[in-house]
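# Observations on the three-dimensional arrangement
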Amino acid sequence: MRVRPSAIPEVVILEPEVHADERGFFLETFRQDTLRDAGIATPWVQDNHSRSVRGVLRGMHFSVGGGQAKLVRCARGAVWDVAVDIRRGSPTFGRWAAVTLDDVAHRQVHIPVGFAHGFFVLSEVADVVYRCSAYYDSETERAFAWDDPDVAIAWPEAPSNVSARDASAPRLAEIADRLPFVYRESDAVSTASHSRR
């Protein structure tokens with residue numbers, strides 16, 4: 001497993017070793033010891049699987065309360081996956097990092113607590129699978145506008161399908177002072193210190 005930095009150090013991209021031949025491929029999608037060696041000691045409690053068609057945009061979602069970390073991969077098709085730092089006081093507050101996740105390279109991205117998450121579907125169909133550090137709770141689910149001009153995410157193209165909830169989400173600045181996530185110096189991650197395999 002190779003560990004790559006993203007535009008925001010705490011958002012870590014994981015590249016597995018894919019064993020492919022004329023029959024197909026094999027790879028490990030989850031190994032707790034590998035993640036621990038990469039500096040990710042998140043306790044996982046729930047797996048989710050979503051299917052979306054081309055042009056769908058989902059985001060930008062996050063959970064309040066204790067928050068929710070995610071380990072995201074695309075098991076079928078391709079998506080452009082985005083994380084936005086929403087930790088008050090963070091030097092990268094409101095900044096975003098993006099990576100293409102697909103069923104060829106099989107990259108995964110670790111999105112820590114204190115980050116919002118969203119993705120845009122690039123293929124005809126995409127299955128996104130993500131492991132979560134907290135159980136789903138509709139009472140703690142929140143979002144901010146995917147097209148917030150202050151955040152200015154450079155989506156690959158205009159979406160053709162956005163849910164009503166996502167379309168009516170507030171701008172990040174409108175909710176920033178109510179966010180429970182606060183940046184601490186100890187949050188800073190040096191990807192250079194991660195073990196690389």
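Residues numbered from 1 in each chain as written. Predicted model: local features only at pLDDT ≥ 70, side-chain atom pairs only at ≥ 80, totals over all residues. Heavy atoms only, no water.

## Quick look at the overall build of the chain
Tallying secondary structure elements over the chain gives 3 helices and 14 strands in all. Taken against the 2.2 N^0.38 rule, which gives 16 Å for 197 residues, the C-alpha radius of gyration of the chain at 16 Å falls within 12% of a compact globule. Considering only C-alpha atoms, the chain reaches an extent of 50 × 40 × 30 Å along its principal axes. Once local pairs closer than 6 in sequence are excluded, the contacts in the chain between residues at least 24 apart make up 81%. Of the roughly 9,800 Å² of accessible surface on the chain, 49% is carried by carbon and sulfur atoms. Here the chain contributes 23 positive and 27 negative side-chain charges, whose respective centroids are spaced 2 Å apart. (Helix = DSSP H or I, 4+ residues; strand = E, 2+ residues; numbered from the N terminus. Rg over C-alpha atoms; globule rule 2.2 N^0.38 Å. Contact = heavy atoms within 4.5 Å. Areas by Shrake-Rupley, 256 points an atom, 1.4 Å probe, with all protein chains shown as cover. Lys, Arg positive; Asp, Glu negative; His and termini not counted. Charge placed at Lys NZ, Arg CZ, Asp CG, Glu CD.)

## Observations regarding the nonpolar core
Of all hydrophobic cores here, the largest spans 20 residues; its most connected members are Val 72, Val 79, Leu 101 and Val 109. Of all the elements in the fold, those that place two or more residues in this core are strand 7 (70-76), strand 8 (78-85), strand 9 (96-102), strand 10 (108-111), strand 11 (115-121) and strand 12 (125-132). Ranked by residues supplied to this core, first place goes to strand 12 with 4 residues. (Core = buried A, V, L, I, M, F, W, Y, C linked by side-chain atoms within 4.5 Å. Buried < 20%, exposed > 50% of the residue type's maximum accessible area, 1.4 Å probe, protein only.)

## Description of the pairing of strand 1 (residues 2-5)
Taken together, the 4 bridges between strand 1 and strand 2 (residues 12-15) define a ladder with antiparallel strand orientation. Residue pairing in the sheet places Arg 4 in a bridge with Ile 13 of strand 2. The antiparallel hairpin formed by strand 1 and strand 2 contains 6 residues in its connecting segment. (Pairing = 2+ DSSP bridges.)

## Structural notes on the pairing of strand 2
Along strand 2, one buried face is formed by Val 12 and Leu 14 and the opposite face, lined by Ile 13 and Glu 15, is buried too. Bridging between strand 2 and strand 10 involves 3 bridges; their strand directions are antiparallel. Looking across to strand 10, one finds that Leu 14 is bridged to Gln 108.

## Topic: the layout of surface pockets
If you add up the space inside the second largest pocket, you get close to 350 Å³. Looking at the lining of the second largest pocket element by element, the count peaks at 6 residues for strand 6 (residues 56-63). Split by residue class, the lining of the second largest pocket holds 7 nonpolar, 9 polar and 5 charged. (1 Å grid on protein atoms, 1.4 Å probe; cavity = no way out; pocket = protein on both sides within 12 Å on 5 of 7 lines; lining within 4 Å. Points joined across faces, edges and corners; volume = space filled by probe spheres on them. Nonpolar A, V, L, I, M, F, W, Y, C, P; charged D, E, K, R; others polar.)

## Overview of the pattern of salt bridges
Counted according to the given criterion, the structure contains 15 salt bridges. A salt bridge links Asp 166 to Arg 165, with the nearest nitrogen and oxygen atoms 3.7 Å apart. Residue Asp 166 is classed as buried on the basis of its relative accessible area, which comes to 2%. (Salt bridge = Lys/Arg side-chain N within 4 Å of Asp/Glu carboxyl O.)

## Brief notes about the packing of aromatic side chains
In this structure the tally under the stated criterion is 3 aromatic pairs. Aromatic side chains Phe 62 and Phe 181 sit 6.4 Å apart centroid to centroid with 75 degrees between the ring planes, which places their arrangement in the edge-to-face category. Of this pair, Phe 62 sits in strand 6 while Phe 181 sits in the segment after helix 3 (172-175), and the two are 119 residues apart along the sequence. For the pair formed by Phe 62 and Phe 181, the shared burial category is buried. Plain terms: the ring middles of Trp 80 and Trp 155 are 5.7 Å apart, the flat faces sit at 65 degrees to each other, and that makes the pair edge-to-face. With a gap of 75 residues between them, Trp 80 in strand 8 and Trp 155 in the loop between strand 13 (141-143) and strand 14 (161-162) connect regions that are remote in the sequence. Here the two residues Trp 80 and Trp 155 agree in accessibility, since each one is buried. Taken together, the ring pairs connect Trp 80, Trp 96 and Trp 155 into an aromatic cluster. (Phe/Tyr/Trp six-rings, centres within 6.5 Å; stacked < 30°, edge-to-face > 60°.)

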